[in-house]
Amino acid sequence: MASRRIINVQTRLFLMIVFFTWTLTLAFFMLQYTRESEYKVMSLDSRLQMVNARVIERLADGGKLTPGLVSTLAPERDSLRISVIDYNGRVTFDTNADSVMANHSNRKEFREAMAHGHGYTTRRLSSTDSREYFYSATRGHGVVVRSALPYTHSLLEMLRVDSADSYLIVAIAIIMTIIAWMAARSISRSIKNLRDFANEAEFGDISGYDTRSFPDDELGDISSHIVNLYKIMKETAQERDKSLRKAIFEQREKNRIKHELTNNISHEFKTPVHVIQACLETIETNGGALTPQMRQELTDTAYANVKRLCSLLSDLSTITRISDAPDRIGLDDVDVKEIIERVAADMKVYPPERQMRIHIDVPGEVHIKGNASLVESIFRNLFVNAFNYSGGRDVTVTLAGQTADCYKFSFADNGIGVPEEHLPRLFERFYRVDKGRSRAMGGTGLGLAIVKNAVLFHHGAISVRNASRGGLEFTFTLHK
């Protein structure tokens, strides 16, 4: 890290202090220069205003102006130029006769005098004699009197700002720069000692380090605290490592128990068992009234659900391994509509009081490359969830849209829905909105978790909301 350091701490601190010092000095210098310059200008303007007042007073008494009379009004200014301008800007008198007919309504000092009673222009080139003048104008009764002085050497000397204060400001700034260098050097020396200590603490043993070597100031206090903290960290390092190993072991054990519990509880996934039970109960209670054909149909349905139960148990184990070895799950061409219709047909085994009307709005050519068993588990679990818990009468499966990459499906019922606070957790494993009712219906809390994992396996996303017309609406995508 030291090889990358271009400017050391001492130099950086010094440059920072010098920057602020000279910035402040320059700002103060500019302020002082501006104020001094303005004072000189205002002083000159005040003197010319007095001359203008004399001329206005002369005109008010009915006197007429002549160049000779003007020289008596301001005898100390041989080069002083007096102009009398009416309110329309026409020059009615000027000590320079060539400019008597010129219009001056657009001149700055004239406009200010008309607006505020007086005005001035510090420097402007005269159109008559091509000399630069300082103009000062005063509004009188019906006229504006303007006096002007050319920028001669004496006028420039009068307006020049005194540089004595500037030298004093620069001297103070130089002294502050020297003090800044001394302060930066002192602070950097303490920082160097602290850096040496840090290097020793990183690469060596400082158990016997003498903190009295640090200065008796804030940096010394910080260094002493660092020494004490390092000793404490050294003493507790082994205990901390032990705690970390224990935490890692506990986390791995939790993951192992979670996977084991998922496999153990899979046998409680009782939906296929309910179908088998319904078939067998029908045969048992109505055996004498059943025709051989009806008995065979019930037996076939029970046998099909036994195989489906084995398939679901296998799917649950597969989903558990999705994050660990997804490549082990086979992919084929899957006809989604055929799966939806097959699952919907299986729902007819439910007793009449729990039957729901199923509406399928999915076109025939909806194929994806995926796992048929997982796709079937998506719709089967959604159907079972609606039949068992929605309390509605209708289920609607819709192809809500598609893009070049995926199909978007909507699965909705018109039941009672779910309180909003439960919606974010519906896809959690083993989570139940109504624990007693779910267990009574044979649920394990895994159905919607299986749905979510199957959707994610097919590179899709799923969400759920309470529909405006009532009931739940699941929206999910399956990658083509």
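The rules behind these values
Residues numbered from 1 in each chain as written. Predicted model: local features only at pLDDT ≥ 70, side-chain atom pairs only at ≥ 80, totals over all residues. Heavy atoms only, no water. Helix = DSSP H or I, 4+ residues; strand = E, 2+ residues; numbered from the N terminus. Buried < 20%, exposed > 50% of the residue type's maximum accessible area, 1.4 Å probe, protein only. Polar contact = N/O pair within 3.5 Å; in protein donor to acceptor, adjacent residues only side chain to side chain. Contact = heavy atoms within 4.5 Å. Phe/Tyr/Trp six-rings, centres within 6.5 Å; stacked < 30°, edge-to-face > 60°. Lys NZ or Arg CZ within 6 Å of the ring centre and 35° of its normal. Pairing = 2+ DSSP bridges. Axes fitted to C-alpha atoms, helices over the stretch in contact; angles between N-to-C directions. Salt bridge = Lys/Arg side-chain N within 4 Å of Asp/Glu carboxyl O.

Peer 1: Looking at this model, I keep getting lost on the side chain of Gln49. Mind explaining?
Peer 2: Relative to the assigned elements, Gln49 resides in helix α1 (residues 9-60). Residue Gln49 is classed as buried on the basis of its relative accessible area of 15%. In this structure the side chain of Gln49 is engaged in a polar contact, spanning 2.9 Å, whose partner is the side chain of Ser136. A distance of 3.2 Å separates a polar side-chain atom of Gln49 from the backbone oxygen of Ala137. Setting aside residues no more than four positions away along its own chain, Gln49 makes contact with His118, Gly119, Ser136, Ala137 and Thr138.

Peer 1: For this particular structure, what's the right way to read the packing of aromatic side chains?
Peer 2: Describing an aromatic ring pair means giving the distance of the ring centres and the angle of the ring planes. All told, the structure shown has 10 aromatic pairs when counted by the stated rule. Aromatic side chains Phe379 and Phe409 sit 5.9 Å apart centroid to centroid with 85 degrees between the ring planes, which places their arrangement in the edge-to-face category. In this pair, Phe379 sits in helix α10 (residues 372-390) while Phe409 sits in strand β10 (residues 406-413), placing the two residues 30 residues apart along the sequence. Across the pair, Phe409 and Phe379 agree in class, each one buried. Joined through ring pairs, the aromatic side chains of Phe379, Tyr407, Phe409 and Phe476 make up one cluster. Above the ring of Tyr120, the side-chain terminus of Lys108 is found at 5.5 Å from the ring centroid.

Peer 1: Please explain the sheet that holds strand β9 (residues 394-402) as it appears in this structure.
Peer 2: Strands pair in a sheet through their backbones, by hydrogen bonds, and they do so in one of two ways: parallel or antiparallel. If you walk across this open sheet you meet the 5 strands as β7-β9-β10-β12-β11, and the pairing is mixed. Edge positions in the open sheet fall to β7 (357-361) and β11 (462-466), since each of these has one partner strand only. Along the sheet, successive strands turn relative to each other by an average axial angle of 15 degrees, direction set aside. In the sheet, β11 pairs with strand β12 (residues 472-479) via 5 bridges, with the strands oriented antiparallel. Along β12, the bridge assignment pairs Ser463 with Thr475. Packing of helix α9 (residues 336-346) onto the sheet brings it into contact with β7, β9 and β10, and relative to β7 it is tilted by some 175 degrees.

Peer 1: How should I be thinking about the pattern of salt bridges in this particular structure?
Peer 2: Opposite charge on two side chains permits pairing when their charged atoms draw close. All chains considered together, the criterion is met by 12 salt bridges. Between Arg342 and Glu376 there is a salt bridge; the shortest N-O distance is 3.0 Å. Taken together, the positions of Arg342 in helix α9 and Glu376 in helix α10 put the pair 34 residues apart, joining distant regions of the chain. Salt-bridge contacts for Arg357 lead to Asp394; the nearest nitrogen and oxygen are separated by 2.9 Å. Here Arg357 is found in strand β7, whereas its partner Asp394 is found in strand β9, with 37 residues between them in sequence. In this structure Asp394 comes out as buried when scored by relative accessible area, which is 15%. Residues joined in a network through salt bridges with shared partners are Glu338, Arg342, Asp346, Glu376 and Arg380.

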